[in-house]
Amino acid sequence: MTTTFDSLGLSQPVLQALDMKGYSEPTPIQAQAIPAVLDGRDLMGIAQTGTGKTAAFMLPAIDRLRAADRQTPFKSCRMLVLAPTRELAGQIAQAAKEYGALAGLKVHSIVGGTSVNKDRNKLHRGTDILVATPGRLIDLIDQRAFRLDGVEILVLDEADQMLDLGFIHALRKISELVPAERQTLFFSATMPKQIKELVGKYCRNPVHVSVTPSATTAERIDQYLFMVQHEEKQALLELILSQRHEVPGKFERVLIFTRTKHGADRVVKKLSQKGIPANAIHGNKSQPQRERALAEFKKAKTPILVATDVAARGIDIPGVSHVINYELPNVPEQYVHRIGRTARAGADGIAIAFCGEDERAYLKDIRKTTDAEFERLPLPENFRAVVEGVGPTKPPPKQQRQRVNPKPKGARPQGDTPQGNRSKRKHPSRKGKPAHAGQGNPGGGNRRGGNRRGGKPGNAPRAAQG
Ligand code: AMP
């Protein structure tokens, strides 16, 4: 029997809000977490963004706040949610407003990069739910503009990422300022030793819930691999985005990961030199720049976004058709986070990794840790010539396409082409279709006319329009 939201014990206003959002069934993390949180238990959740974890803590927390029915505390809050990035904080606050709309709770968010004075003013009378990045929260506490003594429920979201960003001191300080009598909900995508210690410090006898990425995300993502020299990656990217080299799937929104901020800027600059518009999102960008890039990506106005891990972490954007790992992450878990940007909330997705000679060790680690099964894609036949700036590309003959890591995967049939059986079975809508841009047309600006590939009729990218 499938679990329903009704059967989890949520109140009518929350159920109504869910109805308005159009969610019919709880996700696994929601089914596991909601009853425990409603029961007042502390929670340790291993889950990444995309699993529905925000609702998993927010829905029952809203009901707990309603049931306790305390006054909004002056210069404090009843529920504090800590998140590592501005984007994630913004998303959580938005979700809190939507889910709590009928419960009459005040929701505010405070993040770095905005006016502290405005934050002081808006929090003067207190709020029911505060979503904050740790740095800004500590600033306000230090200025005596905010206190944590009203906190009934504390949520730490993406705790591992908060540690990666150096928020450990802020977290320790916050743990000393919140009341001992409180409920703590702790979420992390990974469970390194430092996180275990933090859980011990923050939680009392927590209920453990876990949604492992391999069971949720990786299953629904078709993962492909190009072995390509580092200095040739940009050329390959341009060929793919301008649809002169075929990859599986129809482009809607393409999220590209680089390891460094500088690398992200370089990719964007070179793409734009080739007439392929793209935006970068990383820590050196101002808040308005980040918001604009995200908004344009969401609307598919600029459907190519080049990001670093920190900037993209926790971003919830529906409709990411492709994640391209331009550079492989040196931490395997990061690979799971990255590809988790596609295939969200039940959709399928495509991940393409560019692996250079010097990244083989990273690839090995990713395979070992995540059980990832990659289908290797061939480079264009005359790729060298293209890299050197001469001549168009031709598609390689089909027999050259080969599968690497041919680990048997149950009874799942496996094809040997980019649109092999596996893709066909899982993506009937993509059957036989090459990558081509939808209305967004990520690489539209670079098409120089004519079908340069000379592939089978009906199986080639659309010819360029003028
Ligand atoms: P999260 O992991 O909280 O970032 O959520 C990922 C996405 O899933 C968000 O766009 C949510 O709005 C959506 N979502 C959350 N819960 C459900 C649900 N039960 N059914 C469908 N979508 C959901």
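For the structure, see preceding data.
Conventions adopted
Residues numbered from 1 in each chain as written. Predicted model: local features only at pLDDT ≥ 70, side-chain atom pairs only at ≥ 80, totals over all residues. Heavy atoms only, no water. Helix = DSSP H or I, 4+ residues; strand = E, 2+ residues; numbered from the N terminus. Buried < 20%, exposed > 50% of the residue type's maximum accessible area, 1.4 Å probe, protein only. Contact = heavy atoms within 4.5 Å. Pairing = 2+ DSSP bridges. Axes fitted to C-alpha atoms, helices over the stretch in contact; angles between N-to-C directions. Parallel < 35°, antiparallel > 145°, perpendicular 65-115°, else oblique. Left-handed = near helix turned anticlockwise from the far one by under 90°. Nonpolar A, V, L, I, M, F, W, Y, C, P; charged D, E, K, R; others polar.

Asks: Can you help me understand the environment of G356 in this one?
Replies: Positionally, G356 belongs in the loop between β13 (349-355) and α16 (360-370). On the basis of relative accessible area, G356 is assigned to the buried category, the value being 0%. Distance from G356 to Y326, taken between C-alpha atoms, is 9.4 Å for residues 30 residues apart in sequence. The contacts of G356, once residues within four sequence positions are left out, are V228 and K233.

Asks: Can you walk me through helix α2 (residues 28-38) in this structure?
Replies: In an α-helix, one turn spans 3.6 residues, which is why side chains three or four residues apart end up on the same side. Every buried residue of α2 is accounted for by I29, Q30, A33, I34, A36 and V37. Among the residues trailing α2, G40 stands out with phi positive, at a value near 85°.

Asks: Explanation requested: the sheet that holds strand β6 (residues 183-188) in the structure shown.
Replies: Hydrogen bonds between backbone atoms are what pair the strands of a sheet, whose relative direction is either parallel or antiparallel. Judged by pairing direction, the sheet is parallel, and its seven strands sit side by side in the order β3-β4-β2-β5-β6-β1-β7 without closing on themselves. Lying at the two open borders of the sheet, with one neighbouring strand each, are β3 (107-110) and β7 (207-210). Neighbour-to-neighbour, the strand axes of this sheet turn through a mean angle of 15°, independent of strand direction. In terms of strand pairing, strand β2 (residues 77-82) meets strand β4 (residues 127-132) through five bridges, oriented parallel. When the sheet's bridge partners are listed, L82 is paired in β4 with A132.

Asks: Honestly, the packing of helix α11 (residues 233-241) against helix α12 (residues 261-273) in this entry has me stumped. Any pointers?
Replies: To describe two helices that pack against each other, one gives the angle between their axes and the distance between the axes. Two numbers describe how α11 lies on α12: the axes approach to 11 Å, and their chain directions differ by 55°. Regarding the angle of α11 to α12, the classification is oblique. For the element pair α11 and α12, the recorded crossing hand is right-handed. Here Q234, L237, E238 and L241 of α11 come into contact with α12, specifically with V267, K270 and L271. Across the contact of α11 with α12, the residue classes break down as four nonpolar, one polar and two charged.

Asks: Can you help me understand the pairing of β6 in this one?
Replies: For a regular strand, the rule is simple: side chains alternate between the two faces of the sheet. Most of β6 sits inside the fold, with six of its six residues counted as buried. Both faces of β6 are covered, namely the face carrying Q183, L185 and F187 and the face carrying T184, F186 and S188. Note that strand β1 (residues 43-46) and β6 share four bridges and pair parallel. Residue M44 lies in a different strand from β6, and its bridge partner there is F186. Looking at chain direction, strand β5 (residues 153-156) and β6 are connected through four bridges and run parallel. By the bridge assignment for β6, V155 is matched with L185.

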